[in-house]
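Here is what each chain is made of, one letter per residue.
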Amino acid sequence: MSGHASAPGKAILVGEHAVVYGLPAIAIPLSGMRAKAIAKATDYPLTIIAEDLTRPALTIDVDEIDRSDPIALMASLTMQYLGVADIKGEITIRSDIPIASGLGSGAAVSAALGRAIAQLHGANIPAEELNRLVFEVEKLHHGTPSGIDNTVVAFELPVYFVKGGAVDFIDIGEPLWILLADTGIASLTRAVVADVRALTKRSPTLTSRILDEIGSIVHEARDCILRGATGRLGELLTANHRLLQALKVSSTELDRLVDAALTAGANGAKLSGGGRGGNIIALADEYTVDGVKQSLFEAGAKRVMLTVVPQGSQDDDSD
């Protein structure tokens, strides 16, 4: 068997960091930014070549699996799910999702790999099962992940997410014109999450108030998305950014891009992901998007990507 598999990146619209503590967050898939896995049958034990991840080829030996290696772990978990002791073939992974930028690169690579391994076996992994497997690998990337990355990536749908809760896909009242601007600065989500956890211990009253305010923003943002109230949604994004600044997870570069987007007419803007680097998201519309994009480049963005989340109800049985 052979084939092609892929999975999207993701961006958190509102709620990062708070989601780790059981509060809600909203995230969207970045369908135009993907990790891809090309599978072909061979007569040799499964070999995985991750071309864009600066690592050597990996031959999977299920008896000597390195569970500290995300790719090896995902291969092992997928094979266990399929009920096979070994699979022959070669899988080449390519990804255009920046690493350590809060865009779900790790989850997307894991999801694409899992799907490709299943294809070699002539099988398919339902989205809910793929979601569960990728979450186990996310623990290596993030330590104490909320589960939002793997959920959005596996189902490729916008989601209102609460850790440990049922998956709640969101109906989109009006299209969301979102610009994603990259600072070009890598930042490990795991390290930033650990710093926020340390802050909750040093200043529990302050951080609890901030996290609760973020949770309230997410709740209202969901209602705005359903009603198509993009103006108010933008205000909520900006308010969320100010709270993330208070959690000390923003940076000069991120703040500069947020301010540039707002000055150029964006409805709202904020950092997206762990912070300290990575990306901001700006909510524009079809009339302001070009001006906001130009302003972001002028403010130092290394690249700017447009994604439009279409209007409509979301199907909850995607696989």
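A brief structural summary.

1. Section: the overall build of the chain
- Assigned secondary structure in the chain consists of nine helices and eleven strands.
- Taking 20 Å as the expected radius of gyration for a compact globule of 319 residues, we find that the chain reaches 19 Å, a close match to that expectation.
- Projected onto the principal axes, the alpha-carbon positions of the chain cover approximately 60 × 45 × 35 Å.
- Intrachain contacts of the chain at a sequence separation of at least 6 include 74% that bridge at least 24 residues.
- Of the accessible surface of the chain, which amounts to about 13000 Å², a share of 49% is contributed by carbon and sulfur atoms.

2. Concerning unusual backbone geometry
- Positive phi outside glycine occurs at E156, with the angle close to 55°.
- Residue position: E156 is located in the loop between helix 4 (148–155) and strand 6 (159–161).
- On the basis of relative accessibility, which here comes to 26%, the residue E156 falls in the partly exposed class.

3. What about the packing of aromatic side chains?
- Overall, the coordinates contain one aromatic pair when judged by the stated rule.
- When the ring centre of Y160 is taken as origin, the NZ or CZ atom of R222, which lies over that ring, is 5.0 Å away.

4. Quick word on the sheet that holds strand 8 (residues 176–182)
- If you walk across this open sheet you meet the four strands as 9-10-8-11, and the pairing is antiparallel. Strand pairing shows two members of the sheet lacking a second neighbour, strand 9 (268–272) and strand 11 (303–309), which therefore form its edges. Averaged over neighbouring strand pairs, the angle between their axes works out to 25° when direction is ignored.
- Sheet strands touched by helix 7 (residues 230–246): strand 8, strand 9 and strand 10 (279–284). Its angle to strand 9, the strand with the most contacts, is close to 45°.
- Sheet strands in contact with helix 9 (residues 289–298) are strand 8, strand 10 and strand 11, and its direction is about 10° off that of strand 8.

5. As for the environment of T252
- Mapped onto the elements, T252 comes out in helix 8 (residues 252–263).
- Sequence separation between T252 and G277 is 25 residues, and the spatial gap between their C-alpha atoms is 9.2 Å.

6. Section: the packing of helix 1 (residues 70–82) against helix 2 (residues 105–120)
- Viewed as axis vectors pointing N to C, helix 1 and helix 2 meet at an angle of 40°, and their least axial separation amounts to 9 Å. Put simply, helix 1 runs oblique to helix 2. When the axes of helix 1 and helix 2 are compared, the crossing they make is right-handed. Of helix 2, the residues touching helix 1 (which contributes I71, M74, A75, T78, M79 and L82) are S110, L113, G114, I117 and A118.
- Class assignment of the residues belonging to the contact of helix 1 with helix 2 gives a composition of eight nonpolar, three polar and no charged.

7. Remarks on the layout of surface pockets
- Its boundaries defined by the atoms lining it, the largest pocket holds a volume of some 700 Å³.
- Residue lining of the largest pocket: 41 residues in total, with G106, E138, H141, H142 and T189 positioned closest to the centre.
- Listing elements by their share of the lining of the largest pocket, those giving two or more residues are strand 1 (3–14), helix 1, helix 2, helix 3 (127–142), helix 4 and helix 5 (189–202).
- Per-element accounting of the lining of the largest pocket gives the leading share, six residues, to helix 2.

8. Here we look at the nonpolar core
- Residues I26, I91, I93, I117, I280 and L296 are the most contacted members of the largest nonpolar core, which totals 111 residues.
- When residues of this core are assigned to their parent elements, the largest contribution, ten residues, is made by helix 2.
- Leaving out residues up to four positions away in the same chain, I117 has contacts with L46, A75, T78, M79, L82, I87 and I91.

9. What about helix 7?
- Helix length check: helix 7 (17 residues) gives 25 Å between terminal C-alpha atoms against 24 Å at 1.5 Å per residue, within 8%.
- Every buried residue belonging to helix 7 is among L233, G234, L236, L237, T238, N240, H241, L243 and L244, and all of these are buried.
- In this structure, the buried residues of helix 7 make contact with strand 1, strand 8, helix 6 (204–227), helix 8, strand 9 and strand 10.

10. Concerning the environment of P70
- Within the fold, P70 resides in helix 1.
- P70 sits in the partly exposed class, given a relative accessible area of 22%.
- Expressed as a C-alpha distance, the spacing of P70 and P310, which sit 240 residues apart in the sequence, is 33 Å.
- Not counting the four nearest positions on each side in its chain, P70 is found in contact with V137, L140 and H141.

11. What about the pairing of strand 9?
- Across the five residues of strand 9, five count as buried, placing the element largely inside the fold.
- Inspection of the sheet shows strand 9 paired to strand 10 by five bridges, in the antiparallel sense. Within strand 10, the position partnered with G268 by the bridge is L283.
- Hairpin connection of strand 9 to strand 10: six residues between the antiparallel strands, including G273 at a positive phi of 110°.

Thresholds applied
- Residues numbered from 1 in each chain as written.
- Predicted model: local features only at pLDDT ≥ 70, side-chain atom pairs only at ≥ 80, totals over all residues.
- Heavy atoms only, no water.
- Helix = DSSP H or I, 4+ residues; strand = E, 2+ residues; numbered from the N terminus.
- Rg over C-alpha atoms; globule rule 2.2 N^0.38 Å.
- Contact = heavy atoms within 4.5 Å.
- Areas by Shrake-Rupley, 256 points an atom, 1.4 Å probe, with all protein chains shown as cover.
- Buried < 20%, exposed > 50% of the residue type's maximum accessible area, 1.4 Å probe, protein only.
- Phe/Tyr/Trp six-rings, centres within 6.5 Å; stacked < 30°, edge-to-face > 60°.
- Lys NZ or Arg CZ within 6 Å of the ring centre and 35° of its normal.
- Pairing = 2+ DSSP bridges.
- Axes fitted to C-alpha atoms, helices over the stretch in contact; angles between N-to-C directions.
- Parallel < 35°, antiparallel > 145°, perpendicular 65-115°, else oblique.
- Left-handed = near helix turned anticlockwise from the far one by under 90°.
- Nonpolar A, V, L, I, M, F, W, Y, C, P; charged D, E, K, R; others polar.
- 1 Å grid on protein atoms, 1.4 Å probe; cavity = no way out; pocket = protein on both sides within 12 Å on 5 of 7 lines; lining within 4 Å.
- Points joined across faces, edges and corners; volume = space filled by probe spheres on them.
- Core = buried A, V, L, I, M, F, W, Y, C linked by side-chain atoms within 4.5 Å.
- Expected span 1.5 Å × (residues − 1).

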